[in-house]
Every structure is written in C-alpha cells, then in structure tokens.
Amino acid sequence: MTMLTKRPMATTLHPTVSDNLIQRMFNRTCSLPLRQDTLWRIERGVVRTMTWNEAGTLITLGYWGPGELVGRPLSQLDPYRMECLTDVQTSLIPSSSWPYVLDAILSSKRENEEILSIARHDRINQRLLHFLGYLARKFGQRTDEGLFLDLPLTHEAIAVTIGTTRITITRLLKLFAREGIIKRHRRQLVLSLAFCAKPIMD
C-alpha cells in the first residue's frame with residue numbers, strides 16, 4: 001500500500017557548488033540541451049523526461065521539480081528528451097561538481113524506478129490512482145479542497161505515462177470525479193484530502 005504523504009525534495013546543494021552556478025531560463029515546451037558534461041538542477045518549474053520506441057510511441061521516464069536533477073548523463077537511453085512542462089529556471093551543474101550532488105543523483109534513479117513500478121500495475125485504475133498519488137506527493141499544493149495539481153498534463157500525456165489510452169484516462173477521471181476522489185479546476189485537478197490521507201490498496 002502507498003500512503004500519499006508529501007515527499008521531501010532533493011537535498012540542498014553544498015555551498016561549494018551553489019555559490020558559482022550559472023542560471024538558465026527555458027520557456028514551456030522547450031527542451032533542455034543534452035550535454036554529456038552537464039546536469040541541470042531545476043530551481044523553478046516542472047520538467048518531463050522521455051524517450052520513444054521505433055514506432056514513435058512516447059515513453060515517459062519521470063517528472064521533475066524544484067531541487068531535482070536531470071541531464072543526459074543520468075540516462076543511457078537514446079533518444080532522450082527533457083521537456084519543460086512549464087517555464088523553467090535551472091542551474092548548470094558541471095561534471096567537476098557532481099561528487100557534491102550524489103544524493104540528488106541517487107534520488108533521480110529512485111524516481112525512475114517509481115514510474116516504472118506504477119506502469120507495471122495490472123489494473124489500469126490502480127495505475128492511475130498511484131500516478132495521481134505520485135504527482136500529489138511531488139507537486140501538490142494544499143488548499144481547503146485538497147491537493148491542487150497545477151500541471152498542464154493532457155489525458156494523452158497521462159495515458160502515455162501509465163501505458164493506456166486517452167479514452168480510458170478520460171473515463172477513469174470521470175469515474176474518480178463521481179466518487180469524490182478528484183475535482184476539476186479548469187484543466188487542472190484537485191485531489192481530495194480524504195484520498196490523500198488514506199492508503200491506496202494494491
């Protein structure tokens with residue numbers, strides 16, 4: 001079972017690193033440059049990492065927010081892309097500073113494993129519930145109604161992440177809304193506090 005408790009973000013950077021970092025800004029839908037000698041620390045915004053197979057089907061590898069690291073050196077997959085889901089502010093972490101960010105590097109590997117674990121659930125409704133829980137822990141903003149997910153995720157993007165169809169996601173989200181698990185706020189979602197407070201049964 002999985003409890004939807006807020007997870008801590010990656011650890012604070014060592015002063016040796018943080019005092020000399022170069023800042024870069026990227027607009028929504030831009031891709032972070034693929035550099036073999038550079039990691040990107042996200043200071044603000046959300047980035048999605050992805051690959052795709054020979055048929056052109058997208059495969060989502062993870063969603064990353066403030067304090068987390070992404071970069072070409074963290075993946076051996078080819079093709080590989082880091083897409084900005086929002087406007088993003090980053091810091092460049094050169095290879096000479098990687099020993100100081102080992103905790104954050106290890107955290108990124110654990111995140112990849114969690115996405116893989118979610119996508120392997122036999123029941124699609126459980127995949128979606130676990131994925132919503134994953135997003136709530138990482139990006140949820142607490143309100144009186146629940147945890148607000150201010151992420152521009154389409155039904156198609158969610159379907160790609162958990163290995164199903166857009167039609168199935170639309171149907172399940174309508175079902176979850178009727179059951180009071182989620183509420184819709186324009187194109188964003190609000191997860192009910194009751195859902196976030198109890199375990200998801202596998």
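Residues numbered from 1 in each chain as written. Predicted model: local features only at pLDDT ≥ 70, side-chain atom pairs only at ≥ 80, totals over all residues. Heavy atoms only, no water.

## Quick look at the layout of surface pockets
- The space that makes up the largest pocket amounts to roughly 430 Å³.
- Along the walls of the largest pocket sit 28 residues, with Ile59, Thr60, Leu61, Leu77 and Asn112 positioned nearest its centre.
- The greatest single-element share of the lining of the largest pocket, amounting to 6 residues, is contributed by helix H2 (residues 102–119).
- Among the residues forming the lining of the largest pocket, the class breakdown is 15 nonpolar, 11 polar and 2 charged.
- Its boundaries defined by the atoms lining it, the second largest pocket holds a volume of some 310 Å³.
- Forming the walls of the second largest pocket are 16 residues, and the residues nearest its centre are Leu151, Pro152, Leu153, Thr154 and Arg187.
- Of the residues that constitute the lining of the second largest pocket, the class distribution is 9 nonpolar, 3 polar and 4 charged. (1 Å grid on protein atoms, 1.4 Å probe; cavity = no way out; pocket = protein on both sides within 12 Å on 5 of 7 lines; lining within 4 Å. Points joined across faces, edges and corners; volume = space filled by probe spheres on them. Helix = DSSP H or I, 4+ residues; strand = E, 2+ residues; numbered from the N terminus. Nonpolar A, V, L, I, M, F, W, Y, C, P; charged D, E, K, R; others polar.)

## Remarks on the packing of aromatic side chains
- Applying the stated rule across the entire model yields 3 aromatic pairs.
- Seen from their ring centres, Phe26 and Trp40 are 5.5 Å apart, and the 85° between their planes marks the pair as edge-to-face. With a gap of 14 residues between them, Phe26 in strand E1 (residues 22–26) and Trp40 in strand E2 (residues 38–44) connect regions that are remote in the sequence. Each member of the pair Phe26 and Trp40 is classed as buried.
- A centroid spacing of 5.7 Å and a plane angle of 50° characterise the contact between Tyr63 and Phe131, whose relative ring orientation is tilted. Of this pair, Tyr63 sits in strand E4 (residues 58–64) while Phe131 sits in helix H3 (residues 124–139); the two residues are 68 residues apart in sequence, bridging distant segments of the chain. This pair shows no difference in class: Tyr63 is buried, exactly as Phe131 is.
- Through a chain of ring-to-ring contacts, three or more aromatic side chains come together here, namely Tyr63, Phe131 and Tyr134. (Phe/Tyr/Trp six-rings, centres within 6.5 Å; stacked < 30°, edge-to-face > 60°. Buried < 20%, exposed > 50% of the residue type's maximum accessible area, 1.4 Å probe, protein only.)

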